[in-house]
Amino acid sequence: MLPATAIFTYRWSLPTQASLHGRALDTHLLLNLNIALALIVLAHILLLAGLLFTKRTLRPIHQLTLEYLPLAALTALFLFLAAQAQRLWANQRYTGASPTALQVEVTGMQFAWYFRYPGPDGTFGRTRVQLVAPGEGNPLGIDPSDPHSTDDITSSQLVLPVNREVDLTLRALDVIHGFSVPELRLKQNAIPGQTGHIHFTASMPGTYAILCTQLCGLGHYRMQATLRVVPEAEYEAWLAAHEARP
Ligand SMILES: [Cu+2]
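All of these numbers come straight from a predicted model, not from anything done at the bench. (Residues numbered from 1 in each chain as written. Predicted model: local features only at pLDDT ≥ 70, side-chain atom pairs only at ≥ 80, totals over all residues. Heavy atoms only, no water.)

*Asks:* How should the coordination of the copper ion be read in this particular structure?
*Replies:* By definition of the ideal shapes, four donors in a tetrahedron about a metal sit 109.5 degrees apart, and six donors in an octahedron sit 90 or 180 degrees apart. On the protein side, the copper ion has His177 (ND1), Cys212 (SG), Cys216 (SG) and Met223 (SD) as donor atoms, found 2.1 to 2.5 Å from it. Viewed at the metal, the four donor atoms of the copper ion are separated by angles of 91 to 122 degrees, and the geometry they form is tetrahedral. (Donors = N, O, S within 2.8 Å, 3.2 Å for Na, K, Ca; no water. Tetrahedral: all angles 85-135°; square planar, octahedral: opposite > 155°, others 65-115°.)

*Asks:* I tried to follow the pairing of strand 2 (residues 112–117) on my own but got confused; where do I start?
*Replies:* Every other side chain in a regular strand lies on the same face of the sheet, so the side chains alternate between the two faces. Most of strand 2 sits inside the fold, with five of its six residues counted as buried. Sheet analysis places strand 1 (residues 102–109) next to strand 2, joined by five bridges and oriented antiparallel. When the bridges of strand 2 are listed, Glu105 appears paired with Arg116. Here strand 1 folds back onto strand 2 in antiparallel fashion, the turn holding two residues. Bridging between strand 2 and strand 3 (residues 153–155) involves three bridges; their strand directions are antiparallel. From the neighbouring strand, Phe115 faces strand 3, where its bridge partner is Ser155. (Buried < 20%, exposed > 50% of the residue type's maximum accessible area, 1.4 Å probe, protein only. Helix = DSSP H or I, 4+ residues; strand = E, 2+ residues; numbered from the N terminus. Pairing = 2+ DSSP bridges.)

*Asks:* What is the right way to look at the packing of aromatic side chains in this model?
*Replies:* Per the counting criterion, the structure on display carries three aromatic pairs. Ring geometry for Trp113 against Phe179: centres 5.6 Å apart, planes inclined by 90 degrees, an arrangement best described as edge-to-face. Here Phe179 lies in strand 6 (residues 177–181) and Trp113 lies in strand 2, a separation of 66 residues in the sequence. Given the relative accessible area of 1%, Phe179 is considered buried. When the centroid spacing of 6.5 Å and the interplanar angle of 40 degrees are considered together, the rings of Tyr117 and Tyr235 count as tilted. Taken together, the residues span a long stretch of sequence, with Tyr117 in strand 2 and Tyr235 in helix 4 (residues 232–243) at a distance of 118 residues. The exposure class of Tyr235 is buried, given its relative accessible area of 2%. Taken together, the ring pairs connect Tyr117, Tyr235 and Trp238 into an aromatic cluster. (Phe/Tyr/Trp six-rings, centres within 6.5 Å; stacked < 30°, edge-to-face > 60°.)

In structure tokens:
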């Protein structure tokens, strides 16, 4: 086992991995750390060699060998790592979820997360910022005049079925918030005026904390919600109980 992998496996464990895409991200993270560790060791060996061997014992090295070749090799290495990281991130962000993915809308506001399910019609109702009224039970500003809005379900808890692809639509009402679930290796900003998407499949049932990773105001520290990943039948029962509410 490579050194950084061993350190992170036995000493500072990464959070539990509970999504299908997470393993590839962990592998890439540990590859980065192992390469960084190898380069640190190599740099110190070169430093030590420079100190121990004087000019008399060292054969003159051509500038090409000493400077340009290592520079080219490092550039190629970091370009490869960056391209690989970009590809992994884009897989969750830009490739688009399958049409059958479960649609859930996430809205961040100072200092809470709200989750909206489209209901039996499968379509989210229209929202209008003028209608936002958390004190009157309409924190998202859902427009009651839109027929699609009547069956929408708003929840302060995110409940998702295990092993089913989910397509999250990310919104923010006031400032930039950061939607993050460390166990699912998810982190994506929710930006006012924009609609973002991130898709994933949770692979392990459990209860996970949803954090805000942007310093979004004085109450940022308490901007947390709960994600429950449950078996399909339990999810259907939860949804049915919420749909039954007037
Ligand atoms: Cu926030």
